[in-house]
Amino acid sequence: MGGTTWLEAQAFLIKIKDEMLARALDTLDIEVKAGRAAINGRLVTAVEQNDSETKMFVLDNIVDNADAIIRRHSQSIEELEGSGSVDSRTVERIEELKRFLLAVGKMKMLYDYSIELGSWASELQADTPGNDIEDMLLHGITSYRKEILGFVRKNPGDAFDDTEMGLIAHVLGG
């Protein structure tokens with residue numbers, strides 16, 4: 001076992017975790033800018049729109065209530081589509097609701113990925129078996145964790161360099 005290799009493996013997972021959370025927050029920002037979501041209310045007052053604690057609070061609430069939000073808005077869409085008289089404004093509203101629902105699903109997925117990566121990173125300890133980062137990551141791999149790494153592999157963005165993408169590919173088996 002490498003002396004600090006587990007720390008490097010842990011740092012790599014934390015980097016991915018932070019990236020997934022940043023993407024969830026970016027999705028929230030997009031929805032706010034598009035007018036499909038708003039950060040306001042009696043309990044949350046933002047002095048600045050870039051207040052990260054407020055955004056995190058809103059993201060937590062969206063994720064915690066994602067199923068109810070999706071159910072409620074899906075019913076609204078069904079009612080609008082079934083009303084019989086759908087004008088261009090109603091069609092536009094339906095499309096905006098659908099975009100919002102997709103964004104809610106995306107935020108929840110990215111947030112859940114972030115939570116799982118945090119758990120995985122916490123599992124890594126000095127006594128984790130393996131001689132390199134790949135071996136240590138393989139020690140804790142599950143099908144859900146493979147799904148997460150597969151998502152990162154398909155959607156690397158600018159966050160990961162070639163070496164990190166190679167590490168992900170190796171852990172995924174190719």
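Because the structure is predicted, anything quoted here is derived from the model rather than measured. (Residues numbered from 1 in each chain as written. Predicted model: local features only at pLDDT ≥ 70, side-chain atom pairs only at ≥ 80, totals over all residues. Heavy atoms only, no water.)

Draft legend 1. Looking closely at the nonpolar core. Formed by 41 residues in total, the largest nonpolar core has its most connected members in I16, M20, L59 and L137. Per-element accounting of this core gives the leading share, eleven residues, to helix α1 (residues 5–33). The contacts of L59, once residues within four sequence positions are left out, are L21, A24, L25, L28, M107 and Y111. (Core = buried A, V, L, I, M, F, W, Y, C linked by side-chain atoms within 4.5 Å. Buried < 20%, exposed > 50% of the residue type's maximum accessible area, 1.4 Å probe, protein only. Helix = DSSP H or I, 4+ residues; strand = E, 2+ residues; numbered from the N terminus. Contact = heavy atoms within 4.5 Å.)

Draft legend 2. Highlighting the side chain of T27. Looking at where T27 falls in the secondary structure, it is placed in helix α1. With residues near it in sequence (within four places) discarded, T27 still touches A103, K106, M107 and L110.

Draft legend 3. Molecular detail of the pattern of salt bridges. Tallied over the entire structure, the rule returns eleven salt bridges. Across the salt bridge formed by E96 and R99, the nearest N and O atoms sit 2.6 Å from each other. Highlighted residues: E96 and R99, both in helix α4 (residues 88–123), separated by three residues, approximately one helical turn. Linking R145 and E123 is a salt bridge whose minimum nitrogen-to-oxygen distance equals 2.8 Å. Here E123 lies in helix α4 and R145 lies in helix α6 (residues 143–154), a separation of 22 residues in the sequence. Taking relative accessible area as the criterion, R145 reaches 4% and is therefore assigned buried. Overlapping salt bridges bring together E31, R36, E96 and R99 as one network. (Salt bridge = Lys/Arg side-chain N within 4 Å of Asp/Glu carboxyl O.)

Draft legend 4. A look at α1. With 29 residues, α1 should reach 42 Å at 1.5 Å per residue; the first-to-last C-alpha distance of 42 Å fits that figure. Two residues or fewer past α1, G35 is found with a positive phi of approximately 80°. (Expected span 1.5 Å × (residues − 1).)

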